[in-house]
Amino acid sequence: MPTYTVIKGSGSYLPEIIVKNEDFLKNEFLDASGQKIPKENSAIIQKFQEITEIEERRYLEPGLNTSDMAFIASQRAIESAGIDPETLDYIIVAHNFGEIRHGNKKSDLVPTIASRVKHLLKIENPDCVAYDLPFGCPGWVQGVIQADYFIKSGDAKRALVIGAENLSRIVDPHDIDTMIYSDGAGAVVVEGIDSEKSVGIIAHKTRTDTLTQAHYLRMEVSYNPNYEDDTLFMKMNGRKLYEYALNTVPVLVKQVIEKAGFGIEDVNKVLIHQANAKMDHAILERTFKLFEKEAMPEEIMPMIISKMGNNSVATVPILYDKIVRNELPAHHFNSGDVLVFASVGAGMNVNAFVYVQP
């Protein structure tokens, strides 16, 4: 009887500090050459909201850090799964910047975030292997894919996969893109089950493009030439990234759906990285066109970016957890539903997996 990887439980954490769009009215926005953007901030913010649909985002409280968010989300996932954390074979934490202390923008990556989470969970089992996965925004999806490999190989029976990111502390206050980013964490417990029918993770696919695309997301100094020091902030080439996503994500999603033996008409939900609402809608529309389908079901793609912003590796597991906990009234999962989890981000990386709800 084949073994399938299923999600046993989930949890998430969103910081308590809510930052609304109007909170950026006093920012001095500059372009890449250091020149002041001529538009009024009110007009900049209005256009930003029209494109991204972001109205507000969450910022981490000064007394907490990335590992704290990951720990809280993990506790909730473990409680939801009803398991003993000592039975975990792996703890995989997807992130990109590690710990960034309030008031100190230097990344702290030693020990790993996964080791810190295992420590906070008080897990003694030395065979519970904890490691970090920096893979851009698709990190959590890739962590689930890796856990699936471990489980199906027989190396593991159960794993905790976490996506946690603290972006508010590494964004340039003079860069318009600062308004996109937020903080948060999501986690799932996955485990192997033997089943005669296909359930859980059915297929997955990942791609990396670097020849000309590697630096669409990168670290650079502030747009403000008079900034106090040479601190590095996250920067992106938004236009190139948008084009890359539209050209690659629909193709990969089609490939993974067909690899799983389904058509687009079989898919009940697409849980896509909450990066930019306009981009996400365009990705799904293009995916349907690749399947030669014009009509796209209205409720197929849940979106929470308007209230959450883009917290990178955490967007997809938070979205999943909110649906499971009935916090999105228009969306729910039924047994047998076909779900597609997909993401795109720094690297450039794209990945997806098809999941059949048990």
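Residues numbered from 1 in each chain as written. Predicted model: local features only at pLDDT ≥ 70, side-chain atom pairs only at ≥ 80, totals over all residues. Heavy atoms only, no water.

Draft legend 1. Up close: the overall build of the chain. Looking only at helices and strands, the chain has eight helices and 13 strands in total. A compact globule built from 358 residues should have a C-alpha radius of gyration of about 21 Å, and the chain, at 20 Å, falls within 12% of that. In terms of principal-axis extent, the alpha carbons of the chain reach across some 65 × 50 × 40 Å. For the chain, the residues scored as buried account for 58% of the 358 residues in total. Long-range contacts, defined as pairs at least 24 residues apart, comprise 77% of the intrachain contacts of the chain with a sequence gap of at least 6. Approximately 15,500 Å² of the chain is accessible, and the part contributed by carbon and sulfur atoms is 49%. Averaging the coordinates of the 36 positive side-chain charges in the chain and doing the same for the 49 negative ones gives two points 2 Å apart. (Helix = DSSP H or I, 4+ residues; strand = E, 2+ residues; numbered from the N terminus. Rg over C-alpha atoms; globule rule 2.2 N^0.38 Å. Buried < 20%, exposed > 50% of the residue type's maximum accessible area, 1.4 Å probe, protein only. Contact = heavy atoms within 4.5 Å. Areas by Shrake-Rupley, 256 points an atom, 1.4 Å probe, with all protein chains shown as cover. Lys, Arg positive; Asp, Glu negative; His and termini not counted. Charge placed at Lys NZ, Arg CZ, Asp CG, Glu CD.)

Draft legend 2. Structural detail: the sheet that holds strand β8 (residues 200–208). Reading across the sheet, the four strands line up as β8-β13-β12-β11 and stay open at both edges, with mixed pairing between neighbours. A single partner strand is all that each edge strand has here, and the edge strands are β8 and β11 (269–272). If you compare each strand with its neighbour and ignore which way they point, the axes differ by 15° on average. With eight bridges joining them, β8 and strand β13 (residues 349–356) adopt antiparallel strand pairing. Across the sheet, the residue bridging to threonine 208 is asparagine 349, located in β13. Helix α8 (residues 315–324) contacts β11 and β12 (338–345) of the sheet and is inclined by roughly 140° relative to β11. (Pairing = 2+ DSSP bridges. Axes fitted to C-alpha atoms, helices over the stretch in contact; angles between N-to-C directions.)

Draft legend 3. Spatial organisation of the pairing of strand β1 (residues 3–13). Of all 11 residues that make up β1, nine are buried, and the element is covered over most of its length. Where β1 lies against strand β7 (residues 183–194), 10 bridges are found, and the strand directions are antiparallel. Looking at β7, one finds that serine 10 is bridged to valine 188.

Draft legend 4. Geometry of a nonpolar patch on the surface. Residues Met219, Val221 and Leu232 make up a contiguous nonpolar surface patch of about 240 Å² in total accessible area. In this fold, valine 221 is placed in the loop between β9 (217–220) and β10 (233–236). (Patch = residues over 30% accessible without salt bridge, like charges linked within 9 Å, V, L, I, M, F, W, Y side chains within 5 Å. Salt bridge = Lys/Arg side-chain N within 4 Å of Asp/Glu carboxyl O.)

Draft legend 5. Representation of the nonpolar core. Ranked by size, the top nonpolar core spans 56 residues in total, and within it Tyr181, Ile257, Val267, Met279 and Val344 carry the most contacts. The set of elements that each furnish at least two residues to this core consists of α1 (41–52), β10, α5 (238–259), β11, α6 (277–290), β12 and β13. A total of nine residues in this core trace back to one element, the largest contributor, which is α5. Core analysis: the second largest hydrophobic core is formed by 38 residues, Tyr4, Leu319, Phe333 and Leu339 among them. (Core = buried A, V, L, I, M, F, W, Y, C linked by side-chain atoms within 4.5 Å.)

Draft legend 6. Inspection of the packing of aromatic side chains at higher detail. Under the counting rule described, the total for this entry stands at 10 aromatic pairs. Here the aromatic rings of tryptophan 140 and phenylalanine 353 are separated by 6.4 Å at their centres, their planes lie at 45°, and the arrangement is tilted. Note that tryptophan 140 is positioned in helix α4 (residues 139–153) and phenylalanine 353 in strand β13, a separation of 213 residues in sequence. The exposure class of tryptophan 140 is buried, given its relative accessible area of 1%. A residue is classified by how much of its surface remains accessible, and phenylalanine 353, at 1% relative accessible area, is buried. Members of the aromatic cluster, connected to one another through ring pairs, are Trp140, Tyr320, Phe333, Phe341, Phe353 and Tyr355. Between lysine 235 and the ring centre of tyrosine 223, over which it is positioned, the NZ or CZ distance is 3.3 Å. (Phe/Tyr/Trp six-rings, centres within 6.5 Å; stacked < 30°, edge-to-face > 60°. Lys NZ or Arg CZ within 6 Å of the ring centre and 35° of its normal.)

Draft legend 7. Spotlight on the pairing of β13. The buried count for β13 comes to eight of eight residues, which makes it a mostly enclosed element. Side-chain alternation along β13 places Asn349, Asn351, Phe353 and Tyr355 on one buried face and Val350, Ala352, Val354 and Val356 on a second face that is also buried. Both β12 and β13 contribute to a ladder of eight bridges, which runs antiparallel. By the bridge assignment, phenylalanine 341 is partnered in β13 with phenylalanine 353. In sequence, β12 turns back onto β13 through a hairpin of three residues, with glycine 347 there showing a positive phi of about 150°.

Draft legend 8. Examining the pattern of salt bridges more closely. In total, this model carries 15 salt bridges according to the counting rule given. Here glutamate 99 makes a salt bridge to arginine 116, at a shortest N to O gap of 3.2 Å. Placement of the pair is glutamate 99 in the loop between β4 (90–94) and α3 (113–120) and arginine 116 in helix α3, with a sequence separation of 17 residues. Take glutamate 99 and arginine 116: they sit in the same class, and that class is buried. Linking aspartate 209 and arginine 207 is a salt bridge whose minimum nitrogen-to-oxygen distance equals 2.9 Å. Residue classification places aspartate 209 among the buried positions, given a relative accessible area of 15%. One continuous salt-bridge network, built from bridges that share partners, spans Glu99, Arg101, Asp108 and Arg116.

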